[in-house]
Amino acid sequence: MKADDKINKLLDDLRKANEQCDKTNEELKREKSDRQRAEAETAALLKGTRAVLEFNDFAQSARKIFDACKDIIGATAGYVALLTPDGSENEVLFLEAGGLPCTVDPNLPMPIRGLREVSYRTGKAVYDNDFHNSAWMDFMPDGHVRLINVMFSPLILDKKAVGLIGLANKAGDFTDRDADLAMAFGEYAAIALLNSRARELLEINEKKLQSIVNTAADAIITIDTNHRIIYWNKASETIFGYSASEALNKDISVIIPERYKQKHKEGVKRVIETGQSNLVGKTFEMSGLRKNGDEFPVEISLAMWKVKKDYYYTGIIRDITGRKNAEEQIRKAKDNLEVLVQVRTDELSKAVVALQESEERYRGIFNYTQTAILIFDPETLQVAEANDRACSFYGYTKDEFSQKKISDIHTLSKEQLRITIEDVKHNRRSNIVTRHRLSSGEIKDVEIYASPIKIQGKMLVCSIVHDITERRRLEEEIKTINLNLKERVEDEVAKNRAKDQLMYEHSRNISMGELLVNISHHWRQPLCGIAVYIQDIKDAYRYNELDEPYLNKNIALAMSELKMLSDTIDAFSNFYVQDKEQQEFYISSEINRADTLISEYVKDKAIVIDKDMDNSLTVRGYPHEFAHVILSVLTNAKDKFEQKNITGGMIKIRSYNDDTTGRKIITIADNGGAIPDEIINKVFDPYFTTKDKSRGTGMGLYMAKVIIEKIMGGAISIGNTAGWCVVRIEL
């Protein structure tokens, strides 16, 4: 091939290379524009997401979500409204007129019709870019703000539209992309509405529960694994004599008599070791200890639940001093009756009088006690006697009770009832938790203390009945609240993990953008060199100076520059490969690698990088991720120099081993000026930046902190020293 042909072919190849470079630059510009648009939309969507969790009040959340939606779509006016309960009108939460006049009476109804009716009915975002000239204007009242184009997006709950986001007067036309964004913001607003309603319901339930426990006649006490009291209701103060401030955070042993304390500790230890308790779910009796040192009988119903590794216990404690006294009096009256039967005949008159007095005491206790008492024949099950409290509780008169059998009010099967009565007869006493049927058909949870008694030589059963329906309901409500709380905590943890992953991916996308910028700096000089060699060949040809040695020399120089371009691509592509496994690496090598990526830019701006590093230092971790951190810090420094128009900027990099702690220390200092005190604590926050939005997203230092502290187990900090900004990394 002749030299001219070779030259022409080389020139043609170079022309094609230039065309390809131009095409690549156009694609890069287009991709950058698309990326910036996507980043802006992502930022707006994240702003809407934060608004869902940031506010308890729906109106505040809705306003933030609306503003984010309006700004990213480009609308200047709009509103957020909710559907009325009857589904006939919009109730506007707020309206943004966009600075245009509007003379419509705000008290006028806003019926569901026109274009908004289409959105409600279809559950989709709808828009009209020629709204002012459309048939929809027939539905608009006089004096309404001028509407050029309009979009409505529904708020969907349970597959039904319950409200709208309205947008209007965009500078250009609304698009399907705008509609998709509006639907996303509508979903955020619907979630915020659901959260707001759920919070209101939770507050109502919490107030209801608080009202119940504070008005309950029984003490309700909760303790943690360490036996400390964490809840103490009003009745607890009355029963035990300690105020809430005195009892909270105290050991539960302050209300337990000395003889029970060791058994209590052994029981808690057994629960921790085995996860099982012999008392949970049961009602049992023991003695309590008042503040003044008095012991008294109590009846306890105990519940237990576990949060992570910790156990919690709630006891519903009833002071049964009165009941015990009544039972004792009944027992004494019965004993007196049996003794009086045995007295001698000559004391019969006195015995009769004593019997009458005893009977009166018995009747007084029997009828006026606030506990329901039933006496029945265990053989026939016929009710022999019911006191006044039993009549009011069950809804029967005493005459009606005399016609009833105990099986008429029990919900136990015949076999279960037979076994229970036999147990009472042979064991002298039985505590039973079951359910009874009232005259109205209502079912009540009851706790029964039953024992056999002998009256006139006949064996009967005496049942003392307590209504525990409310206690059971309260126990279930507490369990439900605790279960819902656990589910909410797990849901929030899952959301935070998803958010962290999104931030990480966002940071890597930003890094790819920085890659393109750094490539452009590294390619500029080789491309200029190639252009000079080509121009030199042309001049040599024009002046007949072109010969084979001259041509070979210029071709070799051009190929050397092209190889440098290829090596640059390899270096950059390897830099952005994510590490899969930890490995031992030299700290100085990764710092030098990061420095190389901005070396061309540093030369252009006359920035001096002074390095004083211990090249023997190694650390185990992820070298590519560590190099990302160094690059982020160096990039922030050079951006600061450019932002402040600083010439002669200097960056000092130091690495050494701290003999005191054994940790590896890396410091990166720049003379671009100190960080203001009011923002120095925010620089590692996600999305915090002092740069223009087109140049910074606030993710670089945030991801640097994640990599150093969460991934590599080190520490990163920033401070000011004599006008220098210093970043310190410890590994």
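Residues numbered from 1 in each chain as written. Predicted model: local features only at pLDDT ≥ 70, side-chain atom pairs only at ≥ 80, totals over all residues. Heavy atoms only, no water.

**Structural notes on the overall build of the chain**
- Counting secondary structure elements, the chain contains 19 helices and 22 strands.
- By residue count, 40% of the 731 residues in the chain fall in the buried class.
- At a minimum sequence separation of 6, the contacts of the chain that also span at least 24 residues come to 58%.
- When the accessible surface of the chain is totalled, it reaches about 41100 Å², and 52% of it is carbon and sulfur. (Helix = DSSP H or I, 4+ residues; strand = E, 2+ residues; numbered from the N terminus. Buried < 20%, exposed > 50% of the residue type's maximum accessible area, 1.4 Å probe, protein only. Contact = heavy atoms within 4.5 Å. Areas by Shrake-Rupley, 256 points an atom, 1.4 Å probe, with all protein chains shown as cover.)

**A few points about the sheet that holds strand 22 (residues 724–730)**
- Within the open sheet, the five strands sit side by side as 17-19-20-22-21. Their pairing is mixed. Both outer strands of the open sheet, strand 17 (608–613) and strand 21 (715–721), are each paired with one neighbouring strand and no more. In this sheet, adjacent strand axes meet at a mean angle of 15 degrees when their direction is disregarded.
- Relative to strand 19 (residues 650–657), strand 17 runs parallel, the two being bridged by six bridges. Residue pairing for strand 19: M613 is matched across the bridge by S655.
- Each of strand 17, strand 19 and strand 20 (664–670) is contacted by helix 16 (residues 587–597), which is oriented at about 170 degrees to strand 17, the strand it contacts most. (Pairing = 2+ DSSP bridges. Axes fitted to C-alpha atoms, helices over the stretch in contact; angles between N-to-C directions.)

**Focus: the nonpolar core**
- Counting 41 residues, the largest nonpolar core has F626 and I651 as its most contacted members.
- At eight residues, the largest contribution of residues to this core is made by helix 18 (residues 623–643).
- I651 has contacts with I607, V608, I609, D610, L634, A637, F641, I668, A669 and D670, leaving out every residue within four places of it along the chain.
- By size, the runner-up hydrophobic cluster in this structure holds 32 residues, among which are V52, F58, C69 and L193. (Core = buried A, V, L, I, M, F, W, Y, C linked by side-chain atoms within 4.5 Å.)

**Some points on helix 19 (residues 700–711)**
- A rise of 1.5 Å per residue sets the reference length of helix 19, with its twelve residues, at 16 Å; its end C-alpha atoms lie 15 Å apart and thus fit the reference within 8%.
- Every buried residue belonging to helix 19 is among L701, Y702, M703, A704, V706, I707 and I708, and all of these are buried.
- Following helix 19 by one or two positions, G713 has its phi on the positive side, about 70 degrees. (Expected span 1.5 Å × (residues − 1).)

**Brief notes about the packing of aromatic side chains**
- If you walk through the whole model with that rule in mind, you get ten aromatic pairs.
- Between Y394 and F401, the ring centres sit 5.8 Å apart and the planes meet at 85 degrees, which makes this aromatic pair edge-to-face.
- Overall, the relative accessible area of 2% leaves F401 in the buried class.
- Pairwise contacts between aromatic rings join W232, F240, Y242 and F296 into one cluster.
- The ring of W724 has K652 sitting right over it, with the charged end atom 4.8 Å from the ring centre.
- For the cation-ring pair, K705 lies above F684, with the distance from its terminal atom to the ring centre recorded as 5.0 Å. (Phe/Tyr/Trp six-rings, centres within 6.5 Å; stacked < 30°, edge-to-face > 60°. Lys NZ or Arg CZ within 6 Å of the ring centre and 35° of its normal.)

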